[in-house]
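Structural characterization, general
Listed below, chain by chain, are the residues.
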Amino acid sequence: SKGMDEPPLGDAALHADAPWLPLIHAVLGPDAQELWRGILDNRPGSDDQEWHRDGEKLQMAITETCSCITVFIPLVDFSDPAVGPPTFLEGSHAWTEWHAQLRKAELAADGGEALDRARTPLLRRGSAIAFDYRTVHRGTANLTASTPQGARNRPMLYVIFAGAGYGLPAAGGAPGIAPPVAV
């Protein structure tokens, strides 16, 4: 396939030689495999995303250990909060599905105590953040159109890994390359 397998995104530094692979193998085991990869492009004028889990439909129980990890790699600096960096709810990977739905409803109604757990790392281009697939998160609004530097896109590579024995969700399709998504 084209695109993700060609330079620069097909570079071994992002895949076989990726600096996050030791973490992936330590958590998911030596047989961990890449499921999906793609690009999210948060464009100027976008709104905050809804709070969500990437693994929403996986029905993972609270007692399960981490079976999937998502890695976000900024393709531009996220050091300016106006570009709309992702925000994560600390500890939400351990919430039951009911608890996650309750908390997301609370967040939608202007915050509540769950918002106290929000963490927004301001990452540099080429760095990475890895998180449990069940972590509740969202992309924040891209407000760069109203900044002195002007409107800027916020592209981000994502790669999702799973441990051995992980089953794909029925509606999730085959592993592979996802098309770019603009928000």
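Here, the structure is the one placed above.
Source: prediction; values computed, not measured.

Once that is clear, we can look at the nonpolar core. Residues Leu 35, Cys 68, Phe 72, Tyr 133, Ile 160 and Tyr 166 are the most contacted members of the largest nonpolar core, which totals 17 residues. When residues of this core are traced back to their parent elements, those giving at least two are strand 1 (33–42), strand 2 (68–74), strand 5 (129–132) and strand 7 (154–162). With four residues, strand 7 is the largest single contributor of residues to this core. The contacts of Cys 68, once residues within four sequence positions are left out, are Leu 28, Leu 35, Phe 131, Asp 132, Tyr 133, Phe 161, Ala 162 and Tyr 166.

With that settled, consider the packing of aromatic side chains. Working definition: an aromatic ring pair is given by the centre-to-centre distance plus the angle between the planes. On inspection of all chains with the given rule, the structure shows three aromatic pairs. With a centroid separation of 4.9 Å and an interplanar angle of 70°, the aromatic rings of Phe 72 and Phe 131 are classed as edge-to-face. Of this pair, Phe 72 sits in strand 2 while Phe 131 sits in strand 5, placing them 59 residues apart in sequence. Cluster of aromatic residues (ring-pair linked, three or more members): Phe 72, Phe 88 and Phe 131.

Mapping Arg 152 onto the fold places it in the loop between strand 6 (137–139) and strand 7. Among the residues examined, Arg 152 registers a relative accessible area of 26% and is labelled partly exposed. In this structure, the C-alpha to C-alpha distance between Arg 152 and Val 76, residues 76 residues apart in sequence, is 9.5 Å. Excluding its chain neighbours within four sequence positions, the residues that come into contact with Arg 152 are Asn 42, Pro 44, Asp 80, Val 83, Asn 142, Thr 144 and Thr 147. Within the structure, the side chain of Arg 152 is placed 2.9 Å from the side chain of Asp 80, a separation counted as a polar contact.

Turning next to the pairing of strand 2. Counting buried positions along strand 2 gives seven out of seven residues, so the element sits mostly inside the fold. The pairing of strand 2 with strand 7 spans seven bridges and is classified as antiparallel. Residue pairing for strand 7: Pro 74 is matched across the bridge by Met 156.

Each value, and the rule that gives it
Residues numbered from 1 in each chain as written. Predicted model: local features only at pLDDT ≥ 70, side-chain atom pairs only at ≥ 80, totals over all residues. Heavy atoms only, no water. Core = buried A, V, L, I, M, F, W, Y, C linked by side-chain atoms within 4.5 Å. Buried < 20%, exposed > 50% of the residue type's maximum accessible area, 1.4 Å probe, protein only. Helix = DSSP H or I, 4+ residues; strand = E, 2+ residues; numbered from the N terminus. Contact = heavy atoms within 4.5 Å. Phe/Tyr/Trp six-rings, centres within 6.5 Å; stacked < 30°, edge-to-face > 60°. Polar contact = N/O pair within 3.5 Å; in protein donor to acceptor, adjacent residues only side chain to side chain. Pairing = 2+ DSSP bridges.

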